[in-house]
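Residue strings, one per chain:
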Amino acid sequence: QVQLVESGGGLAQPGGSLRLSCVASGSGFSFMSMGWYRQAPGKQRELVARIGTSGSTRYADPVKGRFTISRDNTKKTVYLQMNSLKPEDTAVYYCNAGGAYYGPPTDNWGQGTQVTVSS
């Protein structure tokens, strides 16, 4: 339904921080739950965080207390602030539009942005 473009990935040291952005084009952004997912080579894509239309948030256990998802409806953008990064966070991070707050992702994905955590 919307076009998604992620940015902000790159190389970080363990304990460092990165902020990812996902910009949506098209209508209906304010009425969509949005999610961040990640996928490492040889592993399945997994939920990182979701944010609902009212601003409610949920996180996967491995990132709780370290990552924060937020949204700006005027900019049609969802963010993922990643702090205290660990090597295990290394993956391609994808933005996903729509779907239920506690449901599976839709097929509406961005192209992904690489995050590498290494010393």
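Our focus in this paragraph is the overall build of the chain. For the chain, the count of helices and strands is zero helices and 10 strands. The N-to-C order of helical and strand elements in the chain reads β-β-β-β-β-β-β-β-β-β. Taking 119 residues into account, the globule formula puts the C-alpha radius of gyration at 14 Å, and the chain, at 13 Å, falls close to it. Viewed in the frame of its principal axes, the chain has a C-alpha envelope of about 40 × 25 × 25 Å. Taking as baseline every contact in the chain between residues at least 6 positions apart, the subset at least 24 positions apart corresponds to 57%. Total accessible area on the chain is roughly 6,100 Å²; 49% of this is exposed by carbon and sulfur atoms. In the chain, 12 side chains carry a positive charge and 7 a negative one; their mean positions are 4 Å apart.

Attention now goes to the pattern of salt bridges. When the charged atoms of two side chains lie near each other, side chains of opposite charge can form a pair. Here the structure, examined in full by the defined rule, presents five salt bridges. Of the charged contacts in the structure, one is a salt bridge between Arg 38 and Glu 46, with a shortest N-O distance of 2.9 Å. A relative accessible area of 32% means that Glu 46 is categorised as partly exposed. In this structure, the salt-bridge partner of Lys 64 is Asp 61, at a minimum N-O distance of 3.0 Å. Among the residues examined, Lys 64 registers a relative accessible area of 48% and is labelled partly exposed. Exposure remark for Asp 61: the relative accessible area of 60% places this residue in the exposed category. Among the ionic contacts, a cluster of salt bridges with common partners joins Arg 38, Glu 46, Arg 66 and Asp 89.

Moving on: unusual backbone geometry. The residue Lys 76 is not glycine, and still its phi comes out positive at about 50°. By secondary structure assignment, the location of Lys 76 is in the loop between β7 (67-72) and β8 (77-82). Lys 76 gets classed as partly exposed once you look at its relative accessible area, which sits at 31%. Not every positive phi belongs to a glycine, and Ser 84 is a case in point at roughly 50°. As for its placement among the helices and strands, Ser 84 is situated in the loop between β8 and β9 (91-97).

Take the sheet that holds strand β1 (residues 3-7) next. As a general point, the strands of a sheet are linked pairwise by backbone hydrogen bonds and lie either parallel or antiparallel. Taken in spatial order, the four strands make up an open sheet running β1-β3-β8-β7, and their pairing is antiparallel. Each edge of the open sheet is held by one strand with a lone partner, namely β1 and β7. Direction aside, the axes of adjacent strands within the sheet are offset by 15° on average. Here six bridges tie strand β3 (residues 18-25) to β8, and the two strands are oriented antiparallel to one another. Counted as the bridge partner of Ser 21 is Tyr 79 from β8.

Attention now goes to the pairing of β8. Burial runs high along β8: five of the six residues are buried. Bridge count for β7 against β8 is six bridges, and the pairing is antiparallel. Paired with Ser 70 across the bridge in β8 is Tyr 79. What sits between the antiparallel neighbours β7 and β8 is a turn of four residues, in which Lys 76 has the positive phi angle 50°.

Here is what the cut-offs are and how they apply
Residues numbered from 1 in each chain as written. Predicted model: local features only at pLDDT ≥ 70, side-chain atom pairs only at ≥ 80, totals over all residues. Heavy atoms only, no water. Helix = DSSP H or I, 4+ residues; strand = E, 2+ residues; numbered from the N terminus. Rg over C-alpha atoms; globule rule 2.2 N^0.38 Å. Contact = heavy atoms within 4.5 Å. Areas by Shrake-Rupley, 256 points an atom, 1.4 Å probe, with all protein chains shown as cover. Lys, Arg positive; Asp, Glu negative; His and termini not counted. Charge placed at Lys NZ, Arg CZ, Asp CG, Glu CD. Salt bridge = Lys/Arg side-chain N within 4 Å of Asp/Glu carboxyl O. Buried < 20%, exposed > 50% of the residue type's maximum accessible area, 1.4 Å probe, protein only. Pairing = 2+ DSSP bridges. Axes fitted to C-alpha atoms, helices over the stretch in contact; angles between N-to-C directions.

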